[in-house]
Amino acid sequence: MAYKLLNGKEISGQIKTEISEKVKKNIAEGGKRPHLAAILVGNDGASETYVAHKVKACEQAGFKSGLFRFDNKVSEKELFDKINEINNNDDIDGLIVQLPLPEHISEEKVIQFINPKKDVDGFHPVNAGRMTLGLPAYISATPQGILELIKRNGIETSGKHCVVIGRSNIVGRPLSILLSQKNETGNATVTLCHSRTKNLKEISRHADILIAAIGKEGFVSKDMVKEGAVVIDVGIHRVKSDKTKSGWKLKGDVKFDEVAPKCSYITPVPGGVGPMTIVSLLKNTLLAAEKKIYG
Ligand code: GUN
């Protein structure tokens, strides 16, 4: 089958332009320039890269941004003090704390300490709960980006069988909820598979839309995919390669080369879900500056 690529790089570029135009218009009308604060703890290579991309995207969209760095040994108290300061700073609209955090710090406690009105990651229980009920909320960036990518490519979700592999709080679980909701990007029949699922292959082979968010490089092989399926790959893994100058390349949760020929649409890695995640964070920060969710 001739497959089409779901080009997240191109679509995210269009969305970034739309966002920066809206920012210019808001400012011309006396509105506020969106301002995102990011907290980064430690020196994890992947987290450094993600945060750098987020800060750069803010600049491109005309947002203000601030990066607050702490070393690995930071105490919970020091982090809470910084979060408290940001919660109380009226100029800052959105706050993200890049995950994962070092083991001695409770991610749960940190997330709950963020003011839900500034929680543009949508991780706070108030936002996760409101999203689940279909109330106005910040929707976490990766699920939101995936739905936008599906929508802007004219792919119908209504009545489709969507199989999500992976039940993380950040991607799999919220995505499974959103796809089942009664709205334009929902109305799907959803199966959420995970590491304890029996006969996963039998289930994934029935998916009209298959979303791989299990965090295992090359987990999805061609025998797990139906002919004509839409395949969305959330994985990002840095693997060694003797074919690139840098000595490594990025791969996903899907064995792209063998799976793509069976698909109607498939996301590349990189350039698929990743850039959509970043523009979704910008969208949430714009909503925060405009006070569109909580007034
Ligand atoms: N770590 C992996 N993905 C994310 C994300 O979307 N937001 C934050 N804060 N941390 C992450």
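Each remark here, short or long, concerns the structure printed above.
Residues numbered from 1 in each chain as written. Predicted model: local features only at pLDDT ≥ 70, side-chain atom pairs only at ≥ 80, totals over all residues. Heavy atoms only, no water.

**Concerning the sheet that holds strand 3 (residues 64-70)**
Stage number 1. Strand order in the open sheet made by the 3 strands is 3-2-4, with parallel pairing throughout. Two strands lie at the open edges of the sheet, namely strand 3 and strand 4 (94-97), each paired on one side alone. Strand-to-strand, the axes of this sheet are offset by a mean angle of 15 degrees, without reference to chain direction.
Stage number 2. Sheet analysis places strand 2 (residues 35-41) next to strand 3, joined by 7 bridges and oriented parallel. Pairing of Leu36 across the sheet is with Ser65, part of strand 3.
Stage number 3. Most of the contacts of helix 2 (residues 45-61) go to strand 2, to which it runs at about 165 degrees, and overall it touches strand 2, strand 3 and strand 4. (Pairing = 2+ DSSP bridges. Helix = DSSP H or I, 4+ residues; strand = E, 2+ residues; numbered from the N terminus. Axes fitted to C-alpha atoms, helices over the stretch in contact; angles between N-to-C directions. Contact = heavy atoms within 4.5 Å.)

**Some words on unusual backbone geometry**
Stage number 1. In this structure, the amide linkage connecting Leu99 to the following residue, Pro100, adopts the cis form with an omega of 5 degrees.
Stage number 2. Note that Pro100 resides in the loop between strand 4 and helix 4 (107-113).
Stage number 3. In this structure, the amide linkage connecting Val269 to the following residue, Pro270, adopts the cis form with an omega of 0 degrees.
Stage number 4. Within the secondary structure layout, Pro270 lies in the loop between strand 11 (263-266) and helix 10 (273-289).
Stage number 5. You will see that Asn199, though not glycine, has its phi angle at about 40 degrees, which is positive.
Stage number 6. Its location among the elements puts Asn199 in the loop between strand 6 (189-193) and helix 8 (200-204).

**Focus: the nonpolar core**
One recurring pattern in soluble globular proteins is that nonpolar side chains are buried together.
Stage number 1. Core analysis: the largest hydrophobic core is formed by 47 residues, its most contacted members being Ile19, Phe63, Leu179, Ile211 and Ile232.
Stage number 2. Residue contributions to this core peak at 8 residues, all from helix 10.
Stage number 3. When residues no more than four places from it in sequence are discounted, the contact partners of Leu179 are Leu147, Thr157, Cys162, Val164, Thr185, Gly186, Asn187, Ala188, Val190 and Ile211. (Core = buried A, V, L, I, M, F, W, Y, C linked by side-chain atoms within 4.5 Å. Buried < 20%, exposed > 50% of the residue type's maximum accessible area, 1.4 Å probe, protein only.)

**A few points about the side chain of Asn127**
Stage number 1. By the secondary structure assignment, Asn127 is in helix 5 (residues 125-133).
Stage number 2. Note on Asn127: relative accessible area 0%, which makes it buried.
Stage number 3. At 3.1 Å, the side chain of Asn127 and the backbone oxygen of Pro116 are in polar contact.
Stage number 4. A polar contact of 2.8 Å, which involves the side chain of Asn127, links it to the side chain of Asp119.
Stage number 5. When sequence neighbours within four positions are dropped, the list of residues in contact with Asn127 reads Pro116, Asp119, Gly122, Ala137, Tyr138 and Tyr294. (Polar contact = N/O pair within 3.5 Å; in protein donor to acceptor, adjacent residues only side chain to side chain.)

**Some words on the sheet that holds strand 8 (residues 229-233)**
Stage number 1. Strand order in the open sheet formed by 6 strands is 1-11-8-7-5-6, and the pairing between neighbours is parallel. Across the chains shown, the open sheet's two edge strands, defined by having one partner strand only, are strand 1 (4-5) and strand 6.
Stage number 2. Bridge analysis of strand 7 (residues 209-212) against strand 8 gives 4 bridges, and the strand direction is parallel. Bridge pairing in strand 8 places Leu210 opposite Val231.

**Details of empty space enclosed by the protein**
Stage number 1. Throughout the structure, instances matching the rule amount to 2 cavities of 30 Å³ or more.
Stage number 2. Of the pockets and cavities examined, the largest cavity occupies roughly 40 Å³.
Stage number 3. If you go around the largest cavity, the residues you meet are Val97, Leu99, Ile111, Ile114, Asp119, Asp121 and Phe123.
Stage number 4. Of the residues assigned to the lining of the largest cavity, the class counts are 5 nonpolar, no polar and 2 charged.
Stage number 5. The space that makes up the second largest cavity amounts to roughly 30 Å³.
Stage number 6. Taken together, the elements giving at least two residues each to the lining of the second largest cavity come down to strand 2, helix 2 and strand 3. (1 Å grid on protein atoms, 1.4 Å probe; cavity = no way out; pocket = protein on both sides within 12 Å on 5 of 7 lines; lining within 4 Å. Points joined across faces, edges and corners; volume = space filled by probe spheres on them. Nonpolar A, V, L, I, M, F, W, Y, C, P; charged D, E, K, R; others polar.)

**Remarks on the side chain of His161**
Stage number 1. Along the chain, the position of His161 falls in strand 5 (residues 161-165).
Stage number 2. There is a polar contact of 2.7 Å between the side chain of His161 and the side chain of Thr191.
Stage number 3. Leaving out residues up to four positions away in the same chain, His161 has contacts with Thr189, Thr191, Ile203, His206, Ala207, Asp208 and Ile209.

**What about the environment of Asp208?**
Stage number 1. Inspection of the secondary structure puts Asp208 in the loop between helix 8 and strand 7.
Stage number 2. Taking the C-alpha atoms as reference points, Asp208 and Leu178, 30 residues apart in sequence, are found 16 Å from one another.
Stage number 3. Contact partners of Asp208, with chain neighbours within four places excluded, come to Lys160, His161, Lys226, Ala229 and Val230.
Stage number 4. A polar contact of 2.7 Å, which involves the side chain of Asp208, links it to the backbone nitrogen of His161.

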